[in-house]
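# Analysis of the macromolecular model
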Amino acid sequence: MNRFKASKFRHTEARLPRREAWIGGIRAGSVASCGSHVKASCRWVAFNAEAAGVLGIVPLECEDGGKRTVSQLCCHSDVVTDFDFSPFDQLLLATGSADETVKVWRLPESGQDMPAAAGLTLGPGGAPLDVLQFHPTADGVLASGAGKRITVWDVGQQQPLTALDSHGDQLQSLAWKRDGRLLGTSCKDKKLRIFDPRASPAASQSVPGHENNKDSRLLWMGSSDYLISVGFSQMREREVKLWDTRRFSGAMLTVALDTSPGAAVPLYDADTGLLVLAGKGENLLYCFEVAPAQPALTQVTQCRTEGSTRGLAAVPRLALDVMACEVLRVLQLTDTALVPVSYVVPRKSVQDFHEDLFPDCTGTLPATGAQAWWAGDSQQVRRVSLHPARRPTETFSSSVIASTQLQAADTSSTDADRSEGSGYSSPSSLASPSSAATSLSASTGPSSGFASSPSQKSLQSILGPSSRFRHAQGRVLHRDTHLTNLRGLSLTTPGECDGFCANRQRVALPLLSAGGQIAVLELSKPGRLPDAAVPTIQNGAAVADLSWDPFDPRRLAVAGEDAKIRLWRIPEGGLQETLREPEAVLRGHTEKIYSIRFHPVASDLLVSSSYDMTVRIWELSAGREALCLRGHTDQIFSLAWSPDGKKLATVSKDSRLRLYEPRRSPQPQQEGPGPEGSRGARLVWVCGGDYLLVSGFDSRSERRILLYRAQALPEGPLSVLGLDVAPSTLLPFYDEDTSVVFLTGKGDTRVFLYEVTPEPPYFLECNSFTSNEPHKGFVFLPKTACEVREVEFARALRLGQSTLEPVAFHVPRVKKEYFQDDIYPPTRVWWEPALGGSAWLAGQDGQQRRASLRPADMTPVSEAPKEAPARKFVPASVYLEEKSDEQKKEELLSAMVARLGNRDDPLPQDSFEGVDEDEWD
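Remember, it's a predicted structure, so these values are computed and weren't measured experimentally.

Looking now at the overall build of the protein chain. Along the backbone of the protein chain there are eight helices and 68 strands. Buried residues in the protein chain amount to 54% of all 921 residues. Within the protein chain, counting contacts between residues at least 6 apart in sequence, those at least 24 apart form 53% of the total.

This is the structure in structure tokens:
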């Protein structure tokens, strides 16, 4: 295009399909990564699914006009950050993940089951994978970016060809030039780099790119020397820049788009020169024509879609409807659908093939192999015609992975690859491919895959294992049970504190007043509190944390910012007057205290952590410090006793987990890597004390939960699950009877529920609870507070701005008249100590007894009489007596006529007598 010649694409239209043409029935995931979240080949479309480590797979075209079936490919133990289809083998898919591995999969032909395991695994690479892309001319060459490094792989040999390490910060994108000679990257250090991987691992050219370090993307304009970059300016404007690598000192052209905050996803078609841009979280698609020779960036069209964009992908040119003059098709990934958007050039004749719109495009036969390319072979891929009569019919199958049948036969080697390539050691990762194909045990397992198939009749085979609490419902109880008109609450308690604490009888709430005042309210006396001041505890110092003694409901421990712990005793019936003198004061810490926890089994034992980097265990009966644990190098975020009370776990700001056996050594018995972020973390023991669940943040401030084997902390997490992006630390509560963990943060409106299992996929999602307004605290009551007749398995107190509301979590059941003994196993009698504190310190251990929650007048559902299943069928007589449409019309007309009356009946006016003739005068 030049300034005197009109472009043939100037009238290009973006045509949105009807809803019937959408690929619906999907649940897209929200992954914080630099990937496009959706990719397409001529056969399949892959997209990030809602579950971590899972890709949704759906055919690009529906066969015989039928409905597309969405399958699942469970790829990694952590989120899938990027993936790419081979440009030659339409069934070859590479996936990269935050679990630091790259896996290559061979998808089946249509109508077959998805692979149960990856064909091969590359890595781990020492950092979470960010971006990856297949080579455009050589089969079996793949570039992957992790952290500050790019690795170019010979996929067939499973060996790296070279590593490019010139980046100063995290990679944001990489792109091969279409001739396969050069590689371009964009980076968080605001620079664009050009590499010749076969010549040197160092960048051959480098230039400052966009002035803002937010997400930037880089694309080559085909085989030319021009580049397109998309990013943000210093003023946070989204902008597009054109670059000439022959004069790489500055951009040829800079075009400002808008000030939207979402990162732009660019798609460039080198054969038409069209550039499509869509911002994540937005519903506007731009289309530009790029003319680098001018240089010029001309907007052709823009369209507004119904859903917000989560990802964007271009359909290969060989899959376009050329006879309809479709020059480009993109797939927009929304929350619940894939929307194909066609870009069409209107032409009068739609029966002819328009050569000017559809020049020959790159074919699907590779020009060379990995080793030949590395040795210097730079042959180009043969171009093919898009004319329907001259379009090539041959297909290419890459040799980097053997056929799926050979993989399934070689079970032992596949299992070995999965256990070694994952980077995590888990007995469950050695499951056979047959077992992985019938359950979603691979969904977050170290290295496995699963695909649903319509041929599988079992719903569990399609959806994977599900929790029996998946339909759990949370509801706020009636207003008669609320405590209202709460005044002067302290809503700025430290992050290590839950905000308030409660037991079966009463609740303790820190107040905003000076001197560390604490209100103690009786749960048995709900209603509106008087406007006048209520009796309080005068702690004497600002409250850092507080906790009720599980064995003495009248004893409250309060940690103050003055490095002292005060023990308060509440009178029978509640506070009637202000308390000023504590029962005891514990001194020993030299800095502010973070958190305190009572021992779960032994009475009169309390543990505390402090800014002085020590953890101290106190014997309350003697009022003395019994043990002092050391080994921390930074702030201690959280600590937790094991259920048997023998061990103590901590997580700290130095991103380390530590496990102590306090009676054996003051130094940690084990250490392991914790959450990456330094904003806060919590931990809790799960699965009978064999595992640790940690909530924290990653380096991108995404909230996530991690599961560790307590006896193998140095090996890292077994599973990592990302939840959302929010500023508050997730506070976990684990119900040991149901193995359900509840997670929410101060200031949140949502409570996440997951059933935790010791086998993959480790986390089974349940229904979450959502409130209308943010809560300032969310604390769970003991199990004995639950109403078992309503199948209530957990009860919590939700602290609002001025109210305290009970929230009940229950499971819908049909036979509620029976005691649901599958949900209520014998519970631990937590309110009775197994031994005294002095006995525990002397080396003794105890175990609390268990008791049933079953009321005396209820029969266990396991003993309920079995009912014969009722046969549900429609008798044949119903079908035999079914009337035709003509019969139905006749009956309808007859009924209408009957309501109007008989036509032969005389009309009312027929009975009138009239007047005589002489009366007319």
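Once that is clear, we can look at the environment of V779. Position of V779 among the secondary structure elements: in strand β63 (residues 777-780). Every residue in contact with V779, bar those within four places of it in the chain, is listed here: D498, F500, A502, A796 and L797.

With that settled, the discussion passes to the packing of aromatic side chains. Enumeration according to the criterion identifies 20 aromatic pairs in this entry. A centroid spacing of 6.1 Å and a plane angle of 40 degrees characterise the contact between W373 and W374, whose relative ring orientation is tilted. One aromatic cluster is present, formed by F469, F733, F742, F769, F778, F780, F793 and F809 through successive ring pairs. A cation over an aromatic ring shows up here: K214 above the ring of F232, its NZ or CZ 4.3 Å from the ring centre. The ring of F697 carries R679 above its face, with NZ or CZ at 4.8 Å from the centroid.

The next subject is the pattern of salt bridges. This model, assessed by the stated rule, comprises 63 salt bridges. Two residues, E625 and R616, come together in a salt bridge whose shortest N-O distance is 2.8 Å. Across the pair R624 and E619 runs a salt bridge, and its minimum N-O distance is 2.8 Å. Overall, R624 belongs to the partly exposed group, its relative accessible area being 39%. A relative accessible area of 7% places E619 in the buried class. Because the salt bridges share partners, they merge into one network encompassing K177, D179, R181, D225, D244, R246 and R247.

Core analysis: the largest hydrophobic core is formed by 30 residues, its most contacted members being V276, L285, L312, V327, V330 and Y343. The element contributing the most residues to this core is strand β30 (residues 337-344), with five residues. In this view, L285 contacts L277, A278, T301, Q302, C303, T305, T309, L312, V330, Q332, V341 and Y343; residues no more than four positions away in its chain are not counted.

Attention shifts here to the sheet that holds strand β44 (residues 584-587). Two strands in a sheet stick together by hydrogen bonds in their backbones, pointing the same way (parallel) or opposite ways (antiparallel). Spatial ordering of the open sheet is given by β41-β42-β43-β44, a layout of four strands whose pairing is antiparallel. Where the open sheet ends on each side, the last strands, each with one partner, are β41 (543-549) and β44. Between one strand axis and the next, the sheet turns by 20 degrees as a mean value, whatever way the strands run.

What follows concerns empty space enclosed by the protein. According to the stated counting rule, one finds three cavities of 30 Å³ or more in the structure shown. Of the volumes computed, that of the largest cavity is approximately 60 Å³. Its residues assigned to classes, the lining of the largest cavity comprises four nonpolar, two polar and two charged.

Here the focus is the sheet that holds strand β57 (residues 719-725). A sheet is described by the order of its strands in space; here four strands give the open sequence β54-β55-β56-β57, paired in antiparallel fashion. The open sheet terminates on both sides in strands that have one partner only, identified here as β54 (682-686) and β57. Here the strands of the sheet are splayed against their neighbours by 20 degrees on average, with no regard to which way each runs. Pairing between strand β56 (residues 702-709) and β57: six bridges, direction antiparallel.

What follows covers the confidence of the model for the protein chain. Atom-level detail of predicted coordinates should not be read off regions where pLDDT is low. Of the residues in the protein chain, 88% reach a pLDDT of 70 or more, and the chain-wide mean stands at 85. In this model residues 403-462 is a low-confidence stretch, pLDDT under 50, and it forms 137 contacts with partners more than four residues away in sequence or in other chains.

Our next topic: the environment of H37. You can see H37 is positioned in the loop between β2 (23-24) and β3 (38-40). Measuring from C-alpha to C-alpha, the distance between H37 and A313 comes to 8.3 Å, with 276 residues separating the pair along the chain. The contacts of H37, once residues within four sequence positions are left out, are V31, A46, F47, N48, F83, K280, R310, G311 and L333.

Right, let's get into unusual backbone geometry. Cis geometry marks the peptide bond from Q294 to P295; its omega dihedral reads -10 degrees. Of note, P295 is situated in the loop between β26 (284-291) and β27 (296-304). Between P760 and P761 the backbone carries a cis peptide bond, its omega angle lying at 10 degrees. One non-glycine residue, M613, adopts positive backbone phi at about 70 degrees. Locating M613 in the fold gives a position in the loop between β47 (605-610) and β48 (615-619). For M613, a relative accessible area of 25% translates into the label partly exposed.

Here we take up the pairing of strand β25 (residues 274-279). The side chains of a regular strand alternate between both faces of the sheet. Burial analysis of β25 places six of its six residues in the buried class, the great majority of the element. Sheet topology note: the strand β24 (residues 264-269)/β25 ladder contains six bridges and is antiparallel. When the bridges of β25 are listed, A264 appears paired with G279. Hairpin connection, β24 to β25: the antiparallel pair is bridged by four residues, and G273 has positive phi, about 75 degrees. Summarising the sheet, β25 and β26 pair through five bridges and their orientation is antiparallel. Counted as the bridge partner of A278 is L285 from β26.

The subject of this paragraph is a nonpolar patch on the surface. On the surface, a cluster of nonpolar side chains totalling about 310 Å² of accessible area is made up of L892, L893 and M896. What makes L892 exposed here is its relative accessible area of 54%.

Let's shift gears to the side chain of D737. By secondary structure assignment, the location of D737 is in the loop between β58 (731-735) and β59 (740-744). Classification of D737 as buried rests on a relative accessible area of 10%. A polar contact is formed between the side chain of D737 and the side chain of T827, at a distance of 2.8 Å. If near-sequence neighbours (up to four positions away) are discounted, D737 is found in contact with K783, P825, P826, T827 and R850.

What follows deals with the side chain of Q848. Residue position: Q848 is located in the loop between α6 (837-841) and β68 (850-851). Classification of Q848 by relative accessible area gives buried; the value is 8%. At 2.5 Å, the side chain of Q848 and the side chain of R828 are in polar contact. One polar contact links the side chain of Q848 to the main-chain carbonyl oxygen of E832, over a distance of 3.0 Å.

Here the focus is the environment of S894. Within the secondary structure, S894 is located in helix α8 (residues 885-900). A distance of 2.8 Å separates a polar side-chain atom of S894 from the backbone oxygen of E890.

Parameters and conventions
Residues numbered from 1 in each chain as written. Predicted model: local features only at pLDDT ≥ 70, side-chain atom pairs only at ≥ 80, totals over all residues. Heavy atoms only, no water. Helix = DSSP H or I, 4+ residues; strand = E, 2+ residues; numbered from the N terminus. Buried < 20%, exposed > 50% of the residue type's maximum accessible area, 1.4 Å probe, protein only. Contact = heavy atoms within 4.5 Å. Phe/Tyr/Trp six-rings, centres within 6.5 Å; stacked < 30°, edge-to-face > 60°. Lys NZ or Arg CZ within 6 Å of the ring centre and 35° of its normal. Salt bridge = Lys/Arg side-chain N within 4 Å of Asp/Glu carboxyl O. Core = buried A, V, L, I, M, F, W, Y, C linked by side-chain atoms within 4.5 Å. Pairing = 2+ DSSP bridges. Axes fitted to C-alpha atoms, helices over the stretch in contact; angles between N-to-C directions. 1 Å grid on protein atoms, 1.4 Å probe; cavity = no way out; pocket = protein on both sides within 12 Å on 5 of 7 lines; lining within 4 Å. Points joined across faces, edges and corners; volume = space filled by probe spheres on them. Nonpolar A, V, L, I, M, F, W, Y, C, P; charged D, E, K, R; others polar. pLDDT = per-residue confidence, 0-100. Patch = residues over 30% accessible without salt bridge, like charges linked within 9 Å, V, L, I, M, F, W, Y side chains within 5 Å. Areas by Shrake-Rupley, 256 points an atom, 1.4 Å probe, with all protein chains shown as cover. Polar contact = N/O pair within 3.5 Å; in protein donor to acceptor, adjacent residues only side chain to side chain.

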